[in-house]
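# Breakdown of the fold
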Amino acid sequence: PLVTAEDRIPERLRRLVLKFDPAERDRRNRSLGRAGEEFVVDLERRVLIAAGRSDLAHRVRWIAVEEGDGAGYDVLSFDPIGRERLLEVKTTNGSARTPFFLTRNERALAAERPADWRIYRVHLFSSEPRVFGIAPPLEQAVNLRPETWRASFG
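In this text, all values refer to a predicted model and were calculated from it rather than measured experimentally. (Residues numbered from 1 in each chain as written. Predicted model: local features only at pLDDT ≥ 70, side-chain atom pairs only at ≥ 80, totals over all residues. Heavy atoms only, no water.)

## Remarks on the packing of aromatic side chains
- With the rule as written, the count across this model stands at one aromatic pair.
- For the ring pair Phe 39 and Phe 125, a centre distance of 5.9 Å and an interplane angle of 85° mean the geometry is edge-to-face. Pair noted here: Phe 39 is in helix H2 (residues 22-50) and Phe 125 is in the loop between strand S4 (117-123) and strand S5 (130-134), with a separation of 86 residues, a long-range link.
- Relative accessible area serves as the criterion here: at 18%, Phe 125 is assigned to the buried category. (Phe/Tyr/Trp six-rings, centres within 6.5 Å; stacked < 30°, edge-to-face > 60°. Helix = DSSP H or I, 4+ residues; strand = E, 2+ residues; numbered from the N terminus. Buried < 20%, exposed > 50% of the residue type's maximum accessible area, 1.4 Å probe, protein only.)

This is the structure in structure tokens:
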């Protein structure tokens, strides 16, 4: 039988390579992010229903799915008196203090609409999901440090 190079890679090494495979890590992160967003959509609807505002619960929207990921927030919700809440969901299976990434667009919207915009930090997601909010100004709650740069030609 024909033996390929892949057949000679020990299973332990194959798993290690997958662990550090950027494409696989990106896929897992997107999947985790979507699950966290869905969790928050459901949570917001339940909170509004419990507050006697099922009318507002029906208006909660999953913006990241309906319109794409460029709005600067993931979920449009409301407080019990009907004010908009723009929720950017950051999900991890790790602890509450696990670092996360923030886009330029998200940071700009936080500065533009600080009364409405919040990060919802969902942590311990796979075991015992917990959520807390971070309100602007973000610099008072987290350390912000540039991590990536855009490179162009010309």
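Next, the rest of the story.
## Remarks on the nonpolar core
- Residues Val 40, Tyr 73, Val 75, Leu 76, Leu 86, Trp 117 and Leu 138 are the most contacted members of the largest nonpolar core, which totals 26 residues.
- Mapped by element, the contributors of at least two residues to this core are H2, helix H3 (54-57), helix H4 (63-66), strand S2 (75-78), strand S3 (84-91), helix H5 (104-112) and S4.
- Those residues within four positions of Leu 86 in sequence are excluded, and the remaining contacts are Tyr 73, Val 75, Leu 76, Leu 109, Arg 113, Asp 116, Trp 117 and Arg 118. (Core = buried A, V, L, I, M, F, W, Y, C linked by side-chain atoms within 4.5 Å. Contact = heavy atoms within 4.5 Å.)

## A short note on the environment of Ala 64
- Within the secondary structure layout, Ala 64 lies in helix H4.
- The class for Ala 64 is buried, based on a relative accessible area of 15%.
- Sequence-wise, Ala 64 and Glu 37 are 27 residues apart; in three dimensions their C-alpha atoms are separated by 8.4 Å.
- In this structure, Ala 64 is in contact with Glu 37, Asp 69 and Asp 74, ignoring residues within four places of it in sequence.

## Observations regarding the side chain of Ser 77
- Of note, Ser 77 is situated in strand S2.
- Under the relative-accessibility criterion, Ser 77 is labelled buried at 0%.
- Only 2.6 Å separates the side chain of Ser 77 from the side chain of Glu 44, close enough to count as a polar contact.
- Excluding residues within four positions of it along the chain, Ser 77 makes contact with Glu 44, Leu 48, Val 60, Arg 83, Glu 84, Arg 85 and Leu 87. (Polar contact = N/O pair within 3.5 Å; in protein donor to acceptor, adjacent residues only side chain to side chain.)

## Topic: the pattern of salt bridges
- Considering all chains together, one arrives at 13 salt bridges under this definition.
- Arg 46 is the salt-bridge partner of Asp 42, the closest N and O atoms lying 2.9 Å from each other. Of this pair, Asp 42 and Arg 46 both sit in helix H2, four residues apart, which is roughly one turn of the helix.
- The partly exposed category is assigned to Asp 42, whose relative accessible area is 39%.
- The residue Glu 147 makes a salt bridge to Arg 145 at a minimum N-O spacing of 2.5 Å.
- With relative accessibility at 64%, the residue Arg 145 sits in the exposed group. (Salt bridge = Lys/Arg side-chain N within 4 Å of Asp/Glu carboxyl O.)

## Details of the side chain of Glu 37
- Of note, Glu 37 is situated in helix H2.
- An unpaired buried charge is present at Glu 37: no salt bridge exists, and Arg 34, the closest side chain of opposite charge, is 5.9 Å distant.
- Beyond its immediate chain neighbours, meaning those up to four positions away, Glu 37 contacts Trp 62, Ala 64, Asp 74, Val 75, Val 89 and Thr 91. (Lys, Arg positive; Asp, Glu negative; His and termini not counted.)

## Side note on H5
- Along H5, the positions that sit buried rather than exposed are Glu 106, Leu 109 and Ala 110. Buried residues along H5 cover an arc of 105° about the axis, so they all sit on one side. The outward face of H5, more than 90 degrees from its buried face, is lined by the exposed residues Arg 104, Ala 111 and Glu 112.
- Elements in contact with the buried residues of H5: S3 and S4. (Arc of directions from axis to C-beta.)

## A closer look at the sheet that holds strand S1 (residues 61-62)
- Ordered by their spatial adjacency, five strands build an open sheet running S1-S2-S3-S4-S5, and the pairing between neighbours is mixed. The sheet is open, and its two edges are formed by S1 and S5, each paired on a single side.
- Judged from the four bridges that link them, S2 and S3 form a sheet pairing that is antiparallel. Note on S3: the bridge partner recorded for Val 75 is Leu 87. (Pairing = 2+ DSSP bridges.)

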